[in-house]
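Single-letter residue listing:
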Amino acid sequence: TIYIDREDAPSKSQIIAKARNKIMNYMNADNRSFGEKLLLSELNRQIFEVPEIRFSTLDNVQQDIQVDFNEIIQINNLSINVSLLD
């Protein structure tokens, strides 16, 4: 879930697209290494590079994900929810 200011609501679809691009780039297999764990703080830092996003939460992952040396983390699906801040 990304949180944006209410006045940015008219640009919601563009902000979602920017967030999606950041997430997909971060999770791209070309940018990941075998055995590299998923650090939620790093993913959030990528999302925060979109200036319109005030903060975000990862709703379906509670903690960093550790993988074995021969595994690589990939994204299966992505859903971005938007919440407006007053």
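In short, a report on the structure.

Basis of the calculations
Per chain, the residues get numbers from 1 upward, laid out in the order the sequence is written. Reporting of local features is limited, given that this is a predicted model, to residues whose pLDDT is at least 70; pairs of side-chain atoms are given and counted only at 80 or more, and all residues count toward the totals for whole chains, interfaces and linings. To obtain the side-chain values, all non-hydrogen atoms of the structure were used and water was disregarded. The helix count covers DSSP runs of H or I at least four residues long, the strand count covers runs of E at least two residues long, and both are numbered beginning at the N terminus. Should any heavy atoms of two residues lie within 4.5 Å, those residues are counted as being in contact. Relative accessibility decides the category of a residue: with a 1.4 Å probe and only protein chains considered, values under 20% of the type maximum give buried, values over 50% give exposed, and everything between is partly exposed. Taken from the helix axis, the directions to the C-beta atoms give the arc we talk about.

**A closer look at the environment of Val50**
With respect to the helices, strands and loops of the structure, Val50 is situated in the loop between helix 2 (40-47) and strand 2 (53-56). In sequence terms Val50 and Lys18 are 32 residues apart; their C-alpha atoms lie 6.7 Å from each other. If sequence neighbours within four positions are ignored, Val50 has contacts with Ile15, Lys18, Ala19 and Lys22.

**Considerations on helix 2**
Along helix 2, the residues classified as buried are Leu40, Leu43, Asn44 and Ile47. Buried residues of helix 2 fall within an arc of 100° about the axis and therefore sit on the same side. Contacts made by the buried residues of helix 2 are with strand 1 (2-5), helix 1 (12-27) and strand 2.

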